[in-house]
Amino acid sequence: MRKPSTPRQNPKKPDQNPAGDVYNLAGDFRHATINIHSTLISAQEVKELENLPPEPGAPPYLGLQYFNEEDADRFFGRELLTARLVNRLKSTRFLAVIGDSGSGKSSLVRAGVVPALKRGVRLGDDSLPPTDSPKWEYRLFTPSAHPVDALAAALTYDAASPASLAATVTSLQEDPHSLILILRQILARCGSPRLFLVIDQFEEVFSQCHQEEERRVFFEALLSICDPADDQPVSVLILLRADFYARLAQYDRLRDLVASQQEFIGAMTRNELFDAIVKPAALGNWKIQEGLVEVMLDDIGNEPGALPLLSHALLETWNRRRQRTMTLSGYTEAGGVRGAIARTAEAVFQQRLTAEQRPVARMIFLRLTELNEDAQDTRRRAPFSELITRAIDPLTIDTVLSILVEARLVTTGVVEPGDVKTVEVAHEALIREWPTLRQWLEEDREGLLLHRQLTDGAADWLRLQRDPGALFRGKRLQQVNEWASQNPTLLSLDEQAFLQASCQALVEEQARERRYRQALVLRRVVFPVSAVALAGMLVALFFLTGLNVRFKTPAKMNGVFNIAVAEFGLIDGQGNQRSVPGEGGKLVSGWVANKLRSELATDPNLLVWQDGPELQRQNVQIGRVTGLTPAERAASAAALAERLNAQMVVFGDMDTRQQPARLKLEFWLAPQLDYRFEVSSNGYTTGGDLLIRDVTHPGIEIQPEINRQASTLAWVALGLTRMRFGQEREALQAFRQAEGFTPDSAAVQFFIGRESLFLSDSDLPAQQALTDEAEAAFRRAIALDPAYGNAYIGLGSVFFASAKRRVPPANHPEEELRQARALVEQALEAYHQAETLPSVSEESGTPVEFIARLGKGTAMRLLAEIHYYLGDSAAARTVAEGAVRELEALVEPFGQAGRERYLAQTYQTLGTAYQWLGFLSESEKNFAQSQKDYDLALDRYARCVEVGQNSPDQITRVEIAQKLCLSFREDLLQYLGDQGGS
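Thresholds applied
- Counting from 1, residues in each chain are numbered in the order their sequence is written.
- Reporting of local features is limited, given that this is a predicted model, to residues whose pLDDT is at least 70; pairs of side-chain atoms are given and counted only at 80 or more, and all residues count toward the totals for whole chains, interfaces and linings.
- Excluding hydrogens and water, the side-chain figures rest on all heavy atoms present in the structure.
- Comment: elements are numbered from the N terminus, with helices defined as DSSP H or I runs of at least four residues and strands as E runs of at least two.
- Per-residue accessibility, obtained with a 1.4 Å probe over protein chains only, is compared with the maximum for each type, and a residue is labelled buried under 20%, exposed over 50%, and partly exposed between these values.
- Here a residue-residue contact requires only that any non-hydrogen atoms of the pair lie within 4.5 Å.
- To be clear on the numbers: accessible area is Shrake-Rupley with a 1.4 Å probe, and residue cover counts the displayed protein chains and nothing else.
- Two rings from Phe, Tyr or Trp (for Trp, the six-membered ring) form a pair when their centres sit within 6.5 Å of each other. Planes less than 30 degrees apart are called stacked, planes more than 60 degrees apart edge-to-face, and all others tilted.
- The pLDDT value tells you how sure the predictor is about a given residue, anywhere from 0 up to 100.
- As used in this record, nonpolar core signifies buried Ala, Val, Leu, Ile, Met, Phe, Trp, Tyr and Cys residues forming a set joined through side-chain atoms within 4.5 Å.
- Angular values range over 0 to 180 degrees, each being the angle between N-to-C directions of two axes fitted as lines to C-alpha atoms, with helices fitted over their stretch in contact.
- Oblique is the label for any angle not under 35 degrees, not over 145, and not in the 65 to 115 range, which are roughly parallel, roughly antiparallel and roughly perpendicular in turn.
- Three classes are used: nonpolar for Ala, Val, Leu, Ile, Met, Phe, Trp, Tyr, Cys and Pro, charged for Asp, Glu, Lys and Arg, and polar for all others, with Gly counted as polar.
- Two cysteine sulfurs form a disulfide in these notes if their separation is within 2.5 Å.
- Each residue after the first adds 1.5 Å to the expected span of a helix.
- Whether two strands pair comes down to DSSP finding at least two bridges between them.

A closer look at the overall build of the protein
Reasoning step 1: Within the protein, the regular secondary structure consists of 37 helices and 27 strands.
Reasoning step 2: The buried share of the protein, taken over its 982 residues, is 53%.
Reasoning step 3: In the protein, the proportion of contacts linking residues at least 24 apart, taken out of those at least 6 apart, comes to 71%.
Reasoning step 4: Roughly 43,200 Å² of accessible area belongs to the protein as shown, and the carbon and sulfur atoms make up 52% of that amount.

Here's the deal with the packing of aromatic side chains
Reasoning step 1: Inspection of the entire model under this criterion finds 30 aromatic pairs.
Reasoning step 2: With 5.8 Å between their ring centres and 65° between their planes, Tyr 868 and Tyr 869 make a pair best called edge-to-face.
Reasoning step 3: With centroids separated by 6.2 Å and ring planes inclined at 85°, the aromatic side chains of Tyr 869 and Trp 916 adopt a geometry described as edge-to-face. Taken as a pair, Tyr 869 in helix α33 (residues 848-869) and Trp 916 in helix α35 (residues 900-923) lie far apart in primary sequence, 47 residues in all.
Reasoning step 4: According to the relative accessible area criterion, Tyr 869 is partly exposed, its value standing at 35%.
Reasoning step 5: Taking relative accessible area as the criterion, Trp 916 reaches 17% and is therefore assigned buried.

So, the confidence of the model for the protein
Reasoning step 1: Looking at the protein as a whole, the pLDDT averages 82, with 87% of positions reaching at least 70.
Reasoning step 2: Here strand β1 (residues 22-24) stands out as the element of the protein with the lowest mean pLDDT, 40, in contrast to strand β6 (residues 195-199), whose mean of 97 is the highest.
Reasoning step 3: Within the model, the stretch residues 1-33 combines pLDDT values under 50 with 71 contacts to residues more than four positions away or in other chains.
Reasoning step 4: Every residue in residues 538-545 scores below 50 in pLDDT, and together they form seven contacts with partners more than four places removed in sequence or on other chains.

Some thoughts on the nonpolar core
Reasoning step 1: Core analysis: the largest hydrophobic core is formed by 114 residues, its most contacted members being Ile 563, Val 592, Met 648, Val 650, Phe 667 and Val 716.
Reasoning step 2: The leading source of residues in this core is α33, at eleven residues.
Reasoning step 3: Among residues more than four places away in sequence, those in contact with Val 650 are Ile 563, Ala 564, Val 565, Ala 566, Phe 568, Val 592, Leu 665, Glu 666, Phe 667 and Leu 713.
Reasoning step 4: Ranked by size, the runner-up nonpolar core spans 68 residues in total, among them Met 268, Ile 288, Val 423 and Ala 429.

A closer look at the packing of helix α15 (residues 358-367) against helix α16 (residues 394-406)
Reasoning step 1: Following both chains from N to C, one finds α15 and α16 inclined at 75°, their axes separated by 10 Å at the closest point. Between α15 and α16, the angle falls in the class roughly perpendicular. Between α15, through Val 360, Ala 361, Met 363, Ile 364 and Phe 365, and α16, the contact on the second element is made entirely by Thr 396, Ile 397, Val 400, Leu 401 and Leu 404.
Reasoning step 2: Classifying every residue of the contact of α15 with α16 by side-chain character gives nine nonpolar, one polar and no charged.

Here we look at the state of the cysteines
Reasoning step 1: Applying the stated criterion across every chain yields a total of one disulfide.
Reasoning step 2: Here Cys 944 is linked by a disulfide to Cys 965, with a sulfur-sulfur distance of 2.1 Å. The S-S bond linking Cys 944 to Cys 965 shows a torsion near 80°; that makes this disulfide right-handed. One end of the pair, Cys 944, is in helix α36 (residues 927-949); the other, Cys 965, is in helix α37 (residues 954-979), and 21 residues separate them in sequence.
Reasoning step 3: Note on Cys 944: relative accessible area 0%, which makes it buried.

Description of helix α19 (residues 445-463)
Reasoning step 1: Spanning 19 residues, α19 covers 27 Å between terminal C-alpha atoms, matching the ideal 27 Å at 1.5 Å per step.
Reasoning step 2: The set of residues buried in α19 consists of Gly 447, Leu 448, Leu 450, His 451, Arg 452, Leu 454, Thr 455, Asp 456, Gly 457, Ala 458, Asp 460 and Trp 461.
Reasoning step 3: Residue Gln 465 follows α19 closely and has a positive phi angle near 55°.

Regarding the sheet that holds strand β21 (residues 653-655)
As a general point, the strands of a sheet are linked pairwise by backbone hydrogen bonds and lie either parallel or antiparallel.
Reasoning step 1: Taken together, the five strands give an open sheet; going across it, the order is β18-β17-β21-β22-β25, and neighbouring strands pair in mixed fashion. Strand pairing shows two members of the sheet lacking a second neighbour, β18 (577-579) and β25 (690-692), which therefore form its edges. The sheet shows a mean angle of 35° between the axes of neighbouring strands, taken without regard to direction.
Reasoning step 2: When strand β17 (residues 569-571) meets β21, the two strands line up parallel, connected through three bridges. Note on β21: the bridge partner recorded for Ile 571 is Asp 655.

Side note on unusual backbone geometry
Reasoning step 1: The peptide bond linking Gln 659 to Pro 660 adopts the cis configuration, its omega dihedral lying at -5°.
Reasoning step 2: Among the structural elements, Pro 660 can be located in the loop between β21 and β22 (661-663).
Reasoning step 3: The backbone of Asp 126 shows a phi angle near 75°, a positive value even though the residue is not glycine.
Reasoning step 4: Considering the arrangement of structural elements, one finds Asp 126 in the loop between α3 (105-119) and β5 (137-141).
Reasoning step 5: Despite not being glycine, Asn 619 shows a phi value in the positive range, around 60°.

Observations regarding the sheet that holds strand β10 (residues 325-326)
Reasoning step 1: Taken in spatial order, the three strands line up as β3-β9-β10 in an open sheet, and their pairing is parallel. Every other strand in the sheet has two partners, leaving β3 (40-41) and β10 as the edge strands with one partner each.
Reasoning step 2: Relative to strand β9 (residues 287-289), β3 runs parallel, the two sharing two bridges. Paired with Leu 40 across the bridge in β9 is Ile 288.

Things to note about the pairing of strand β20 (residues 648-651)
Reasoning step 1: Burial along β20 is two-sided: the face carrying Met 648 and Val 650 and the face carrying Val 649 and Phe 651 are both buried.
Reasoning step 2: Where strand β16 (residues 561-565) lies against β20, three bridges are found, and the strand directions are parallel. Opposite Ile 563, over in β20, you have Met 648 as the bridge partner.
Reasoning step 3: Examined bridge by bridge, β20 and strand β23 (residues 666-669) share four bridges and lie antiparallel to one another. For Met 648, the partnering residue across the bridge sits in β23 and is Leu 669.

Written as structure tokens, this is what we have:
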């Protein structure tokens, strides 16, 4: 192929160009005359335009998008082929259009055949379409992963009622031959003589549909309306990619039908390509430099699948036009026919997407590619919901998609009927021609195939209304589960739910197998007893004693966020803990559970359980949380949560050592690897004490306060759920709603403070307002509970974050640095307050003292940097050395406690502290000491990375180890290498 940057001298028009420069288009449906002579301009004229900006206007080309019916008036070059297909439809009710990917099948039918039939005017070969074709009813669809559903949707898109779609799907599944009756009903309703059914991208039946039974039903329905011996008022046109033709071999009737009625689409002639290039430009009064068309035709050659490459190159050349003229230099800048797609995709990926958005785009392109083992990879249509993962929120997805759609690399649509948003690659040529995408697809192809199995399995499971029979089992579950454990951030929310359900089903099956083996042992022991008598006795005992329930595997909660409400207990006058006499404890837990259900009724992700008949039938009893100390109650709640798979446990005791008795509503949160902050292992309270005069019969006078605190719990649960989905703003709003019910809850204030602080780092326009809100919330939490260690630490983190944003300084160095120093000193004071709290206050399973000292060491490291910028290197060294001593003392306790996130943070901060010491030593010309300090920095960064590699916690593994420690270590190694260090 000749490079586009070397055009010929004295270019001439293509040899195949018809004589003359004026084209009369009155023979087709556009009724226009195009003057080619005025469209092509000389190189000399172009030279005068080279530095002029482009004139505004609508592009004459579509790029990677196919032509549709509304584009028919600018669809050129296929007039004779359109006429041939239309004429074939006069004598056959079925026709298969077959061609390579990129040969223009979709555009040919959508912008050529269908408009020709609808308009009924004279065709390119001077023939006429069928006389009644303008009166036909037209339906077009692509099969997708569920062709029967797609067919039903195409037939019922104007019915408005979802019930009509469901009824059509059911009818086709039960009897594929009912399709003809459905079609006749449509024709009767529309008053049309014939229905023209177009099935674009027919290969999706093989590439995306993985259920053989559904494929068989679809083929049977299709064949029932195409039987040549049964003349029906329907015509069917299918478009099939050539490399999937062999897949028809195993379906005898369909193979024979396609073999007898097919039209193979080859490459366009030079004359046709000339029309496709020049005439759309002429219609819009755009100009083309002489010689450019010939260069393009030479570059495209005779390859049948190169049309999308040409179309995209034309669009990119037009984007680089000089005034109204497309030039050879613009074509060269675009990359030519072969390079334009890759250049556009790479430019969008590297230049228009931020570093944070590129992994999202990579995930989108991989999900929109269907991997094939015996054919080229194809594009895949995916629902928008499939792109949302626990790590990526819908707003981020929308932002990235908007960029990709604007660049015409992907397209979005809506599944009819309904409002299910879908996304797909603009054309398969992008998959073939973009090297970066090809590299992604080959990096872990086996992993991508496993992920696609999971995606398809989850979709089938949801479509079958979570049928347990659709869950993964055996080797497939093991393989997919291993892959998912290594790639947790790539799973969509539906895939996570499906995988969790599959794993839970496996646990239950294993339990049933154990019980079965135990029953076999029992049978061998009692076999000598009379079988009939024993059977009667066992059956009676089985039901009379409730063994039929007790032999069930206890159920577990299966929501996204599960809340278990324990039975409320009693502390008697001697300080002993026991059950409440009568039904008082169960009554209060029932009030709490009912209010929670009422508040959470609109969110199906949250599940609430309390003891009762329904749980008894599932062999479940929640029981009470026991223990008199916070640590004992936390251990009891943790065991209960693990047994039930609960994320929150609500409990409390009526303390009768005072009269009236006091009840404090408490809740415990299970640690979650995807929370951005670690929860207290000792639990929280929602508000003040409730006064109960009669513990055996609590009066309705306490119900308003019960409802208020239960509503607080509901909104806290909603906030935590939004956190798990990465919906930080929605989480903060939920915590604010909780505050409206119990403004006197220190725990709620803490949640508001932490979430506001996290958001302040990402929401720059609202950064100061969120920082102020975080500070105010932590101060309120401390005022409500002066012994609340984590609130002091949160307040210190607010001051630290504010200081860090001022270092290094921007406009007013000394003023900003003094402000930063004052803020660090405030942070150190807050950490000191937490550090000196009574040792009995333990949160996150680690003494608050250690967590406060981590904050203190981190703040000291920043203070050392501030001293350096203020010109006091000696103070900088002293403070940095103090930070190292503080932090090194924390490595052992964090390691012994298994607090990986805190340990990784400690190593990361130690690495930066040692690196600063190395820098200071180097500034002092003490190169031997600087090398030692740098070596220690590299070591601590490496230990941080090691902790992350072995951690299931995404924050530890990604946010700390990969994004900070690994990056810092590589930068330091690069610096040392440049300096000649080790």
